[in-house]
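Residue-level structural notes
Residues per chain, in single letters:
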Amino acid sequence: MVRAYLSANRLEEGVSLLAEILNRYPDDWESLIILGDLYLAAEEMEIAYHLYQQAEKIIPHNPEILRRLQLIQEESQPTSPRIESPLHPEALQRLLYRLTGQSIRLGDDLTQKAADLLQTVLHSRQPAQAVAENLDEIERLIPALIELNLKQARQEGKIELANALEGLRQNVESLNHTVQTPDPIDNQGTILLLAPENAPSQERAWVIKAALEAGGFQVTFNGVVSAESLEHTEAIVAINPYISSSLMANLALCAGAKRPIVLDLTNNAEQLPLKHPYYPILGLGTLETARAYHASLWLADVITVTTENHALALEGYGRRVEIMPDGWTEQNPMWRKKSPPRSTINLGWVGFCSEVEDLLIIRRIILRVLREFPQTRLVLVDNPEAYALFGSLPPERLLYLPATSADDFPYQLGLIDILLIPHRNIPYNQSLSERLLIHAGVKGIPWVASPLPAFREWGAGGFTASSPEEWHTYLRQLIVDADVRRQLGRAGNTQAALRESRHLATLWKALLKKLRFPLSSTEAVIPTSANLVIPGRA
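Residues numbered from 1 in each chain as written. Predicted model: local features only at pLDDT ≥ 70, side-chain atom pairs only at ≥ 80, totals over all residues. Heavy atoms only, no water.

**Things to note about the overall build of the protein**
Assigned secondary structure in the protein consists of 27 helices and twelve strands. When burial is assessed residue by residue, the protein has 53% of its 538 residues classed as buried. Taking as baseline every contact in the protein between residues at least 6 positions apart, the subset at least 24 positions apart corresponds to 70%. Total accessible area computed for the protein in this model is approximately 24,900 Å², and 51% of it derives from carbon and sulfur atoms. (Helix = DSSP H or I, 4+ residues; strand = E, 2+ residues; numbered from the N terminus. Buried < 20%, exposed > 50% of the residue type's maximum accessible area, 1.4 Å probe, protein only. Contact = heavy atoms within 4.5 Å. Areas by Shrake-Rupley, 256 points an atom, 1.4 Å probe, with all protein chains shown as cover.)

This is how it looks when you write it as structure tokens:
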């Protein structure tokens, strides 16, 4: 039930239920982890650490808990939380504010506590000493103290004073609850980011660059590699370098200078189907490309991928493999641009990252739904073969959008009301990330998708369909019920917000810190879960 509330973006009910469960059953380790993940998402590191420690005592050596504890240890030096209990009403109020951005009304008990404290100070023989002894409590109760004075000013008709106190209350809330950019590492350094000129590599590069900059690093993107420049370079992040001879030459120079190398692979190139749109740019179709691919693996100090299945596929190379999730960056303003109003409900499919064979598995369902609901229209993004599959449709029922720059993709996505993501059950598809679901969430678009591992784990914002009947049922429901579309769109948007590049900075900082104290080169580090349990997760 807790996950259902969080998936539906009903955070207040979900947090209340978690608190009730843990008050009754303090050894419920799953609830401890979920609440810990919520505090971690709200950047309440010490409280999250405390909850993970409690869970670890109940089920020792659990890899998911140990991974979370390690992440926090690498970012801070946890101490005892300032608030006595993570279930304290004040802590829960602040948690909800940080996750939702909405003010939480102060309870009467909190206001009464503030009034009692004020009376204690006023009637003390040594007010200064009373203040000093209660500094922590006063700091926690500042909003309630302001609220108390605000109520009194209004009751006494002191309008100007009430207005001033209201402004002060809003300023305090803003200062206490603004989401902060992650602190930079102790010794800032320059990261050399290398990426070839193709859509999947460039899109990934923008997100990583923004995350590194949010973490306090200086980033040189595709800069000149020389002995002089490498003297001032802390590490190299190379995205799909094997498809470019010049990038591989630069990578060899970096390795020769003994600079740590992170090899980031956006796709499982070894299992990429021949007919896939990405095969000409990422596939291992030539002996030269295959050799460069394997050379990049051996040059790397650590390999990063976006899914656990892709990590497992690389286990045999004897290299450290870490999962660095997909994301997006607000630096592209098109993500926030609103779509023009329309009278149709547009079903959309994105073709530049999928095969026509994937779309074929739901072709009949799409045609059936278009017949049943005359207000619907099909939108196909960048795949001429897919357009041919639906050539019998009248022009007003079919919209084809040709290839465009990655910068403009958010606008194209905004022309879709329900995103269709069908995939066959083949090894390459099983290693796909939730990238399209993240993008749909940013735009608030509900989706129906095949039950790939990453899609099931993401959960928020749509439905996974395992059969033609389920595809038809879910599409009918989304077309008929606008409230369901909006509810799923909000849930997806809440979860996608946590994959904005600023929130990925912590993971990249932790990874680069590990390079200073490397594990054995033969040890593959493959987390059991690519993501934390965060708001919106089903």
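**Quick word on the sheet that holds strand S12 (residues 462–464)**
If you trace the six strands from one edge of the open sheet to the other, you get S9-S8-S7-S10-S11-S12, paired in parallel fashion. Of all the strands in the sheet, just strand S9 (398–401) and S12 have a single pairing partner and so form its edges. The sheet shows a mean angle of 20° between the axes of neighbouring strands, direction not considered. Contacting strand S7 (345–350), strand S10 (418–421) and strand S11 (447–449), helix H23 (residues 435–442) runs over the sheet at an angle of about 180° to S10. (Pairing = 2+ DSSP bridges. Axes fitted to C-alpha atoms, helices over the stretch in contact; angles between N-to-C directions.)

**A word on the side chain of Thr 289**
The residue Thr 289 is located in helix H16 (residues 287–299) in this model. Thr 289 sits in the buried class, given a relative accessible area of 17%. Look past the residues within four positions of Thr 289 in its chain and what remains in contact with it is Tyr 242, Gly 283 and Leu 284.

**Some thoughts on the sheet that holds strand S4 (residues 261–264)**
Strand pairing within a sheet occurs via backbone hydrogen bonds; the two strands may be parallel or antiparallel. Pairing in this open sheet of six strands is parallel, and the strands run S2-S1-S3-S4-S5-S6 from one edge to the other. Edge positions in the sheet fall to strand S2 (218–221) and strand S6 (321–323), since each of these pairs with one other strand and no more. Averaged over all adjacent pairs, the angle separating strand axes in this sheet is 25°, with direction ignored. Examined bridge by bridge, strand S1 (residues 190–194) and S2 share four bridges and lie parallel to one another. Looking at S2, one finds that Leu 192 is bridged to Thr 220. The strands that helix H27 (residues 501–514) touches are S1, strand S3 (233–239), S4, strand S5 (302–305) and S6; relative to S4, the one it contacts most, it runs at about 135°.

**What about the environment of Pro 260?**
Mapped onto the fold, Pro 260 is located in the loop between helix H14 (245–256) and S4. Considering only alpha carbons, one finds Pro 260 and Thr 233, 27 residues apart in sequence, at a separation of 9.4 Å. Apart from the residues lying within four places of it in its own chain, the contact partners of Pro 260 are Glu 234, Ala 235, Ile 236, Asp 301 and Leu 515.

**Section: the environment of Asn 267**
Turning to its location among the elements, Asn 267 is positioned in the loop between S4 and helix H15 (279–282). Classification of Asn 267 by relative accessible area gives buried; the value is 12%. Through-space distance from the C-alpha of Asn 267 to that of Val 305 is 7.8 Å; in sequence the pair is 38 residues apart. Setting aside residues up to four positions removed in sequence, Asn 267 forms contacts with Pro 200, Tyr 278, Leu 282, His 310 and Tyr 428. A polar contact is formed between the side chain of Asn 267 and the side chain of Thr 266, at a distance of 2.7 Å. (Polar contact = N/O pair within 3.5 Å; in protein donor to acceptor, adjacent residues only side chain to side chain.)

**Digging into the confidence of the model for the protein**
Fine structural detail should not be taken from predicted coordinates in areas where pLDDT scores are low. On average, the protein scores 81 in pLDDT, and the residues at 70 or more come to 75%. Mean pLDDT values for the elements of the protein range from 55 in helix H11 (residues 159–177) up to 97 in S10. The low-confidence segment residues 174–187 (pLDDT under 50) makes 28 contacts with residues lying over four places distant or belonging to another chain. Long-range and interchain partners of residues 517–538, a stretch whose pLDDT sits below 50, account for 81 contacts in this model, where long-range means more than four residues apart. (pLDDT = per-residue confidence, 0-100.)

**A look at the pattern of salt bridges**
Between side chains of opposite charge, pairing is possible as soon as their charged atoms come close. The final tally for this structure, using the stated rule, is 18 salt bridges. Note that Arg 24 is salt-bridged to Glu 20, the shortest N-O span being 3.3 Å. Placement of the pair is Arg 24 and Glu 20 together in helix H2 (residues 11–24), with a separation of four residues, close to one helical turn. One salt-bridge network, held together by shared partners, links Arg 204, Asp 264 and Asp 326. (Salt bridge = Lys/Arg side-chain N within 4 Å of Asp/Glu carboxyl O.)

**Quick look at unusual backbone geometry**
Even without a glycine there, the phi angle at His 61 is positive, about 65°. By the element assignment, His 61 lies in the loop between helix H4 (45–58) and helix H5 (63–75). Under the relative-accessibility criterion, His 61 is labelled exposed at 66%. The backbone phi angle of Asp 382 is positive, close to 55°, even though this residue is not glycine. Following the sequence through the fold, Asp 382 ends up in the loop between strand S8 (376–381) and helix H20 (384–389).

**With respect to the pairing of S8**
Across the six residues of S8, five count as buried, placing the element largely inside the fold. As judged from the six bridges shared by S7 and S8, these two strands associate in the parallel manner. Residue pairing for S8: Ile 345 is matched across the bridge by Thr 376. Each parallel crossover has a hand, and the one from S8 via H20 to S9 is right-handed. (Right-handed = clockwise from strand over helix to strand, strands pointing away.)

**As for the side chain of Ser 450**
With respect to the helices and strands, Ser 450 occurs in the loop between S11 and helix H24 (453–458). A polar contact is formed between the side chain of Ser 450 and the backbone nitrogen of His 423, at a distance of 2.8 Å. Every residue in contact with Ser 450, bar those within four places of it in the chain, is listed here: Ile 361, Ile 421, Pro 422, His 423, Phe 455, Thr 464, Ala 465 and Trp 471.

**A look at the packing of aromatic side chains**
Across all of its chains, the model carries five aromatic pairs by this definition. Taking the centre distance of 4.4 Å and the plane angle of 5° together, the rings of Phe 463 and Tyr 474 count as stacked. Residue Phe 463 is found in strand S12, and its partner Tyr 474 is found in helix H25 (residues 468–480); the two are separated by eleven residues along the sequence. Taking relative accessible area as the criterion, Phe 463 reaches 18% and is therefore assigned buried. Against the face of Phe 390 rests Arg 363, its NZ or CZ located 5.8 Å from the ring centre. (Phe/Tyr/Trp six-rings, centres within 6.5 Å; stacked < 30°, edge-to-face > 60°. Lys NZ or Arg CZ within 6 Å of the ring centre and 35° of its normal.)

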